[in-house]
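# Analysis of the macromolecular model
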Amino acid sequence: MHTIATFWIGPRLRDFEHCCMRSWLAMGHPVKFFSYEPVANVPPGVELCDAERILPRRVLFDEAPELDKKPFTRANIFRLAMLRRGEGVWCDSDYCMFRPLPAFTDILVGREQNGKLCNAILWLPPEHEILPAVLDAFQARSVPPWSYAKTRWQLALVSLSGRTRKLSDYPKHQWGRHVLEYTVAKYGLEDQVKDYKAFYYPVIYDDTLFKPMDYQSIMADPEVYGLHVFYKTPKAFAAAGPGSFVGWLKATYGDTLEPEI
(Lines give C-alpha, C1' and ligand atoms only; values in the text may rest on other atoms or scores of the structure.)
Protein backbone atom coordinates (compact mmCIF):
# COMPACT_ATOMS: atom_id res chain seq x y z
CA MET A 1 0.00 0.00 0.00
CA HIS A 2 1.48 3.34 -1.05
CA THR A 3 2.49 5.84 1.61
CA ILE A 4 0.67 9.17 1.42
CA ALA A 5 2.49 12.36 2.34
CA THR A 6 1.18 15.88 2.91
CA PHE A 7 2.31 19.25 4.24
CA TRP A 8 0.74 21.85 6.52
CA ILE A 9 1.51 25.48 7.33
CA GLY A 10 0.02 26.73 10.58
CA PRO A 11 -0.38 25.70 14.23
CA ARG A 12 -3.59 23.68 13.90
CA LEU A 13 -5.13 21.24 11.45
CA ARG A 14 -8.74 22.07 10.62
CA ASP A 15 -11.46 19.56 11.46
CA PHE A 16 -12.27 18.88 7.81
CA GLU A 17 -8.66 17.95 7.01
CA HIS A 18 -8.44 15.87 10.20
CA CYS A 19 -11.32 13.70 9.00
CA CYS A 20 -9.90 13.46 5.49
CA MET A 21 -6.57 12.17 6.79
CA ARG A 22 -8.35 9.58 8.88
CA SER A 23 -10.01 8.36 5.67
CA TRP A 24 -6.55 7.72 4.21
CA LEU A 25 -5.61 5.63 7.22
CA ALA A 26 -8.91 3.77 7.02
CA MET A 27 -8.10 2.76 3.43
CA GLY A 28 -4.84 1.22 4.65
CA HIS A 29 -2.39 3.90 3.51
CA PRO A 30 0.47 4.87 5.84
CA VAL A 31 0.51 8.67 6.20
CA LYS A 32 3.40 11.11 6.65
CA PHE A 33 2.57 14.64 7.83
CA PHE A 34 5.24 17.29 7.22
CA SER A 35 5.37 20.65 8.99
CA TYR A 36 7.92 23.18 10.17
CA GLU A 37 6.29 23.57 13.57
CA PRO A 38 4.11 21.48 15.91
CA VAL A 39 0.53 21.17 14.65
CA ALA A 40 -2.50 20.47 16.83
CA ASN A 41 -5.26 18.01 15.97
CA VAL A 42 -3.26 15.69 13.71
CA PRO A 43 -5.05 12.28 13.67
CA PRO A 44 -3.57 9.46 15.74
CA GLY A 45 -1.67 7.02 13.56
CA VAL A 46 -0.19 9.71 11.31
CA GLU A 47 3.62 9.91 11.25
CA LEU A 48 4.82 13.41 12.16
CA CYS A 49 7.79 14.52 10.03
CA ASP A 50 10.08 17.53 10.05
CA ALA A 51 9.64 19.52 6.84
CA GLU A 52 13.16 20.90 7.26
CA ARG A 53 14.65 17.64 5.99
CA ILE A 54 12.74 18.03 2.71
CA LEU A 55 13.33 21.73 2.08
CA PRO A 56 14.91 24.30 4.43
CA ARG A 57 12.33 26.70 5.81
CA ARG A 58 14.39 29.68 4.69
CA VAL A 59 13.84 28.71 1.02
CA LEU A 60 10.06 29.03 1.29
CA PHE A 61 9.82 31.81 3.88
CA ASP A 62 12.96 33.86 4.56
CA GLU A 63 13.99 34.00 0.90
CA ALA A 64 10.42 34.35 -0.39
CA PRO A 65 8.44 36.63 1.93
CA GLU A 66 6.24 37.71 -1.01
CA LEU A 67 4.68 34.24 -0.89
CA ASP A 68 2.84 35.15 2.32
CA LYS A 69 0.06 36.14 -0.09
CA LYS A 70 0.53 32.98 -2.20
CA PRO A 71 0.82 30.09 0.29
CA PHE A 72 -0.28 27.65 -2.43
CA THR A 73 3.07 28.29 -4.17
CA ARG A 74 4.88 27.12 -1.06
CA ALA A 75 2.82 23.93 -1.11
CA ASN A 76 3.48 23.45 -4.85
CA ILE A 77 7.23 23.62 -4.36
CA PHE A 78 7.25 21.51 -1.21
CA ARG A 79 5.31 18.67 -2.84
CA LEU A 80 7.82 18.45 -5.69
CA ALA A 81 10.75 18.50 -3.26
CA MET A 82 9.01 15.76 -1.29
CA LEU A 83 8.49 13.65 -4.41
CA ARG A 84 12.15 14.05 -5.26
CA ARG A 85 12.98 12.52 -1.88
CA GLY A 86 10.69 9.56 -2.59
CA GLU A 87 8.56 10.11 0.52
CA GLY A 88 5.32 8.83 -1.03
CA VAL A 89 2.28 9.97 -2.99
CA TRP A 90 1.34 13.59 -2.42
CA CYS A 91 -2.27 14.24 -1.34
CA ASP A 92 -3.76 17.60 -0.44
CA SER A 93 -5.08 17.41 3.11
CA ASP A 94 -8.63 18.22 1.96
CA TYR A 95 -8.96 15.03 -0.09
CA CYS A 96 -11.46 12.53 1.33
CA MET A 97 -10.76 8.96 0.25
CA PHE A 98 -13.25 6.10 0.14
CA ARG A 99 -11.25 3.78 -2.08
CA PRO A 100 -7.46 3.15 -2.00
CA LEU A 101 -5.44 5.05 -4.56
CA PRO A 102 -5.56 3.62 -8.10
CA ALA A 103 -2.67 1.77 -9.70
CA PHE A 104 -0.08 3.90 -11.51
CA THR A 105 3.30 3.54 -13.19
CA ASP A 106 5.06 6.68 -14.46
CA ILE A 107 2.76 9.33 -13.01
CA LEU A 108 -0.33 9.73 -10.86
CA VAL A 109 -2.31 12.85 -11.69
CA GLY A 110 -5.90 13.65 -12.61
CA ARG A 111 -7.93 16.23 -14.46
CA GLU A 112 -10.51 18.54 -12.98
CA GLN A 113 -13.97 18.74 -14.52
CA ASN A 114 -12.76 21.56 -16.80
CA GLY A 115 -10.03 19.34 -18.25
CA LYS A 116 -7.16 21.11 -16.49
CA LEU A 117 -4.56 19.07 -14.66
CA CYS A 118 -4.58 19.33 -10.87
CA ASN A 119 -1.72 18.51 -8.50
CA ALA A 120 -3.84 17.78 -5.41
CA ILE A 121 -3.02 14.08 -5.86
CA LEU A 122 0.40 13.63 -7.44
CA TRP A 123 3.25 11.19 -7.86
CA LEU A 124 6.32 11.19 -10.07
CA PRO A 125 9.39 8.94 -9.81
CA PRO A 126 12.01 10.48 -7.49
CA GLU A 127 14.57 10.28 -10.29
CA HIS A 128 12.43 12.19 -12.81
CA GLU A 129 14.47 15.05 -14.26
CA ILE A 130 11.62 17.56 -14.00
CA LEU A 131 11.80 17.59 -10.20
CA PRO A 132 15.29 19.11 -9.76
CA ALA A 133 14.60 21.35 -12.77
CA VAL A 134 11.60 22.90 -11.01
CA LEU A 135 13.42 23.36 -7.72
CA ASP A 136 16.44 24.92 -9.44
CA ALA A 137 14.25 27.29 -11.46
CA PHE A 138 12.34 28.30 -8.33
CA GLN A 139 15.46 29.18 -6.40
CA ALA A 140 17.14 30.91 -9.36
CA ARG A 141 13.96 32.83 -10.32
CA SER A 142 14.66 31.80 -13.91
CA VAL A 143 12.42 31.41 -16.97
CA PRO A 144 11.92 27.62 -17.27
CA PRO A 145 10.67 25.87 -20.44
CA TRP A 146 7.15 25.33 -19.06
CA SER A 147 6.58 29.10 -18.83
CA TYR A 148 3.74 30.37 -21.01
CA ALA A 149 4.54 32.92 -23.73
CA LYS A 150 2.81 35.65 -21.73
CA THR A 151 4.90 34.78 -18.67
CA ARG A 152 8.11 34.91 -20.70
CA TRP A 153 7.17 38.34 -22.00
CA GLN A 154 6.30 39.67 -18.54
CA LEU A 155 9.52 38.33 -17.01
CA ALA A 156 11.53 39.82 -19.85
CA LEU A 157 10.04 43.21 -19.06
CA VAL A 158 11.09 42.81 -15.43
CA SER A 159 14.65 42.08 -16.51
CA LEU A 160 14.69 45.05 -18.89
CA SER A 161 13.56 47.32 -16.07
CA GLY A 162 16.63 46.31 -14.08
CA ARG A 163 14.56 44.97 -11.20
CA THR A 164 15.35 41.60 -9.63
CA ARG A 165 12.66 39.03 -10.32
CA LYS A 166 10.38 38.12 -7.45
CA LEU A 167 8.19 35.05 -7.09
CA SER A 168 5.20 37.35 -7.14
CA ASP A 169 6.06 38.09 -10.80
CA TYR A 170 5.08 34.54 -11.78
CA PRO A 171 1.49 33.44 -12.45
CA LYS A 172 -0.50 31.38 -9.97
CA HIS A 173 0.02 28.03 -11.68
CA GLN A 174 3.68 28.48 -12.72
CA TRP A 175 4.98 25.88 -10.23
CA GLY A 176 1.93 23.62 -10.31
CA ARG A 177 -0.41 23.02 -13.23
CA HIS A 178 1.96 24.51 -15.83
CA VAL A 179 4.73 22.12 -14.77
CA LEU A 180 2.38 19.16 -15.07
CA GLU A 181 1.09 20.20 -18.50
CA TYR A 182 4.67 20.45 -19.74
CA THR A 183 5.70 17.14 -18.16
CA VAL A 184 2.73 15.15 -19.47
CA ALA A 185 3.21 16.51 -23.01
CA LYS A 186 7.02 16.22 -23.17
CA TYR A 187 7.24 12.71 -21.75
CA GLY A 188 4.16 11.26 -23.48
CA LEU A 189 2.17 10.54 -20.31
CA GLU A 190 -1.25 11.60 -21.56
CA ASP A 191 -2.67 8.06 -21.48
CA GLN A 192 -1.81 7.78 -17.77
CA VAL A 193 -3.74 10.88 -16.67
CA LYS A 194 -6.82 9.96 -14.65
CA ASP A 195 -10.27 11.13 -15.73
CA TYR A 196 -11.87 13.90 -13.66
CA LYS A 197 -14.18 11.40 -11.95
CA ALA A 198 -11.25 9.80 -10.14
CA PHE A 199 -10.63 12.73 -7.75
CA TYR A 200 -12.59 15.78 -8.97
CA TYR A 201 -16.25 14.82 -9.20
CA PRO A 202 -18.51 17.84 -9.99
CA VAL A 203 -19.97 18.04 -6.45
CA ILE A 204 -16.67 19.32 -5.03
CA TYR A 205 -16.84 22.82 -6.48
CA ASP A 206 -19.59 24.35 -4.33
CA ASP A 207 -21.46 23.60 -1.10
CA THR A 208 -23.28 20.53 -2.47
CA LEU A 209 -21.45 18.10 -0.17
CA PHE A 210 -22.59 20.03 2.90
CA LYS A 211 -26.29 19.61 2.03
CA PRO A 212 -28.55 16.52 1.97
CA MET A 213 -27.74 14.61 -1.22
CA ASP A 214 -27.34 11.15 -2.74
CA TYR A 215 -23.67 10.62 -2.00
CA GLN A 216 -23.90 6.82 -1.77
CA SER A 217 -24.12 6.48 -5.55
CA ILE A 218 -20.92 8.52 -5.90
CA MET A 219 -19.10 6.38 -3.36
CA ALA A 220 -20.32 3.22 -5.11
CA ASP A 221 -18.91 4.31 -8.49
CA PRO A 222 -15.67 2.30 -9.00
CA GLU A 223 -14.18 5.13 -11.07
CA VAL A 224 -14.37 7.55 -8.12
CA TYR A 225 -11.56 7.07 -5.59
CA GLY A 226 -12.30 10.09 -3.45
CA LEU A 227 -13.26 13.74 -3.45
CA HIS A 228 -10.89 16.68 -3.31
CA VAL A 229 -13.11 19.39 -1.87
CA PHE A 230 -12.48 22.94 -3.08
CA TYR A 231 -15.36 24.56 -1.18
CA LYS A 232 -15.00 24.28 2.57
CA THR A 233 -15.27 26.52 5.60
CA PRO A 234 -15.20 25.67 9.33
CA LYS A 235 -18.71 27.12 9.66
CA ALA A 236 -20.09 24.93 6.86
CA PHE A 237 -18.34 21.88 8.31
CA ALA A 238 -19.84 22.47 11.74
CA ALA A 239 -23.32 22.98 10.29
CA ALA A 240 -23.35 19.92 8.00
CA GLY A 241 -25.82 17.38 9.29
CA PRO A 242 -27.27 13.92 8.55
CA GLY A 243 -28.02 13.24 4.92
CA SER A 244 -25.04 15.24 3.67
CA PHE A 245 -21.71 13.81 2.60
CA VAL A 246 -19.85 15.96 5.13
CA GLY A 247 -22.30 14.82 7.79
CA TRP A 248 -21.30 11.26 6.93
CA LEU A 249 -17.62 12.26 7.04
CA LYS A 250 -18.00 13.71 10.54
CA ALA A 251 -19.99 10.72 11.79
CA THR A 252 -17.42 8.27 10.38
CA TYR A 253 -14.14 10.01 11.19
CA GLY A 254 -14.96 12.82 13.61
CA ASP A 255 -14.75 10.90 16.90
CA THR A 256 -11.09 11.90 17.37
CA LEU A 257 -11.62 15.61 16.82
CA GLU A 258 -10.27 17.87 19.54
CA PRO A 259 -12.00 21.08 20.65
CA GLU A 260 -10.15 24.30 19.91
CA ILE A 261 -8.68 25.95 22.98
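That block above? That's the structure.
The paragraphs below set out a description of the structure included in this document. (Residues numbered from 1 in each chain as written. Predicted model: local features only at pLDDT ≥ 70, side-chain atom pairs only at ≥ 80, totals over all residues. Heavy atoms only, no water.)

## What to know about the packing of helix α3 (residues 71-84) against helix α4 (residues 130-140)
Condition: Throughout, an axis means a line fitted to C-alpha atoms (over the contacting stretch in the case of helices), and angles, computed between N-to-C directions, take values from 0 to 180 degrees. Counting from the N terminus, the helices are the DSSP runs of H or I reaching at least four residues and the strands are the DSSP runs of E reaching at least two. Between 65 and 115 degrees an angle is taken as roughly perpendicular, under 35 as roughly parallel, over 145 as roughly antiparallel, and anywhere else as oblique. Each crossing is labelled by how the near helix is turned from the far one, with a counterclockwise turn of less than a right angle marking it left-handed and a clockwise turn marking it right-handed. We call two residues in contact when some of their heavy atoms are within 4.5 Å. Each residue gets one label: Ala, Val, Leu, Ile, Met, Phe, Trp, Tyr, Cys and Pro are nonpolar, Asp, Glu, Lys and Arg are charged, and the others, such as Gly, are polar.
Between α3 and α4, the least distance of the axes is 9 Å, while the angle of their chain directions is 140°. Relative to α4, the element α3 is oriented oblique. The handedness of the crossing between α3 and α4 is left-handed. Side by side, α3 and α4 meet where T73, I77, L80, A81, L83 and R84 of the first sit next to L131, P132, V134, L135 and F138 of the second. Among the residues forming the contact of α3 with α4, the class breakdown is nine nonpolar, one polar and one charged.

## Regarding unusual backbone geometry
Backbone geometry places N41, a non-glycine residue, at a positive phi of 70°. Tracing the backbone through its elements, the reader meets N41 in the loop between β2 (31-35) and β3 (47-50). If you check the backbone angles, R141 has positive phi at about 55° while not being a glycine. Relative to the helices and strands, R141 resides in the loop between α4 and α5 (149-161).

## Let's talk about the packing of helix α1 (residues 15-26) against helix α9 (residues 245-253)
Running from amino to carboxyl end, α1 crosses α9 at an angle of 65°, the nearest separation of the two axes being 10 Å. With respect to each other, α1 and α9 are oriented roughly perpendicular. The hand of the α1/α9 crossing is left-handed. Residues F16, H18, C19, R22, S23 and A26 of α1 lie in contact with α9, whose contacting residues are V246, L249 and Y253.

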